[in-house]
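Here is what each chain is made of, one letter per residue.
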Amino acid sequence: LGDRDFRQLNLQNPPLEFEEAERAFNRMALIVSEAEARQEADLRDKEVLLKEVHHRVKNNLQLIASIMNMQMRRADTTEARQVLSGLQQRVRGLAMLHRTLYTSTDVSTMDSKDLVDTVIADASNQIHDHRMKVVADIASFPLYPDQAVPVSMLVAEALTNALKYSDVERSDEPIHVVLEEH
């Protein structure tokens with residue numbers, strides 16, 4: 001029971017009706033077994049292709065971020081550099097998201113804690129003043145890509161603003177990042 005490996009049914013000297021049923025059963029079992037093997041192979045192929053797509057998207061986003069970096073160096077005004085820097089950070093966040101998707105074992109979801117921890121580390125590295133402490137309390141639950149993108153963008157934007165506009169000199173309070181599943 002529950003054994004999915006195909007083994008032929010072999011009855012010993014069955015009546016004619018059972019012999020016909022045996023042949024029909026063996027054909028049906030072979031067809032089902034072959035169909036399941038094809039389905040498993042197709043699923044593996046799909047996962048490989050999906051990982052490749054995420055890898056290529058990540059590479060393209062990193063290329064875009066590099067082009068933005070070159071443009072930042074040529075920008076004449078501080079305002080233009082800040083705008084490009086903000087855009088670059090968002091593009092890098094999306095690239096990080098796709099990197100997480102193609103390196104995870106499950107290509108359809110990602111762990112919320114891993115994602116937010118990576119976003120926090122990336123945003124913290126972008127701020128030059130490392131005296132500000134970030135405390136994270138992140139619940140671990142699966143996120144689909146269409147959920148992960150807005151979560152990562154929201155966390156990156158909120159954390160960047162908190163790090164950018166906090167008064168390190170007047171407060172020794174850390175920045176708290178909390179994510180809960182409801």
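All values reported here derive from a predicted model rather than from experimental measurement. (Residues numbered from 1 in each chain as written. Predicted model: local features only at pLDDT ≥ 70, side-chain atom pairs only at ≥ 80, totals over all residues. Heavy atoms only, no water.)

**Points about the environment of Ser-104**
What counts here: A run of H or I in DSSP becomes a helix once it reaches four residues, and a run of E becomes a strand once it reaches two; helices and strands are each numbered from the N terminus.
Residue position: Ser-104 is located in the loop between helix H2 (78-103) and strand S1 (110-111). Each C-alpha atom, one on Ser-104 and one on Lys-51, is 9.0 Å from the other, the two residues being 53 residues apart in sequence.

**Section: unusual backbone geometry**
Here is the rule: Three labels apply to residues, based on accessible area from a 1.4 Å probe with only protein chains included: buried if under 20% of the type maximum, exposed if over 50%, partly exposed otherwise in between.
In this structure, Asn-13 takes a positive phi of about 50 degrees despite not being glycine. Residue placement: Asn-13 occurs in the segment before helix H1 (16-74). Accessibility expressed as a relative area gives 76% for Asn-13, which makes it exposed.

**Quick notes on the pairing of strand S4 (residues 175-179)**
Applied cut-off: By definition, two strands form a pair when at least two bridges between them are found by DSSP.
Side chains Ile-175, Val-177 and Leu-179 of S4 all project onto a buried face; the interleaved residues His-176 and Val-178 project onto a face where none is buried. The sheet contact formed by strand S2 (residues 134-138) and S4 spans 5 bridges and is parallel. Paired with Asp-137 across the bridge in S4 is Val-178.

**Some words on H2**
Our working rule: Given a helix with a known number of residues, its expected span is that number minus one, times 1.5 Å.
For H2, which comprises 26 residues, the first-to-last C-alpha distance of 37 Å matches the rise-based estimate of 38 Å (1.5 Å per residue) to within 8%. Among all positions of H2, only Leu-84, Gln-88, Gln-89, Val-91, Gly-93, Ala-95, Met-96, Leu-97, His-98, Thr-100, Leu-101 and Tyr-102 are buried.

**Topic: the side chain of His-54**
Let me state the cut-off plainly: Polar contact is defined as a pair of N or O atoms within 3.5 Å, subject to the rule that within protein one atom must be able to donate a hydrogen and the other to accept it, and that residues adjacent in sequence are counted only when both atoms are side-chain atoms.
Along the chain, His-54 turns up in helix H1. Exposure remark for His-54: the relative accessible area of 8% places this residue in the buried category. Among the polar contacts made by the side chain of His-54, one reaches the side chain of His-98 at a distance of 3.0 Å.

**So, the packing of H2 against helix H4 (residues 145-165)**
Put simply, the rule is: Axis angles are defined between N-to-C directions and span 0 to 180 degrees, where every axis is a line fitted to C-alpha atoms and, for a helix, only to the segment in contact. Reported orientations rely on four angle classes, namely roughly parallel under 35 degrees, roughly antiparallel over 145, roughly perpendicular from 65 to 115, and oblique for the rest. The sense of a crossing depends on the near helix, which, turned anticlockwise from the far helix by less than a right angle, makes the crossing left-handed and, turned clockwise, makes it right-handed. Contact between two residues is taken to exist if any of their heavy atoms lie within 4.5 Å; hydrogens are not considered. Throughout this entry, Asp, Glu, Lys and Arg are counted as charged residues, while Ala, Val, Leu, Ile, Met, Phe, Trp, Tyr, Cys and Pro are counted as nonpolar. The remaining residues, Gly among them, count as polar.
At a closest axis distance of 10 Å, the pairing of H2 and H4 adopts a crossing angle of 140 degrees. Regarding the angle of H2 to H4, the classification is oblique. Handedness of the crossing formed by H2 with H4: right-handed. When H2 is examined against H4, the residues Gln-89, Arg-90, Leu-94, Leu-97 and Leu-101 are found in contact with a partner set consisting of Pro-145, Ala-148, Val-149, Ser-152, Met-153, Ala-156, Glu-157 and Thr-160. Considered class by class, the residues forming the contact of H2 with H4 number 8 nonpolar, 3 polar and 2 charged.

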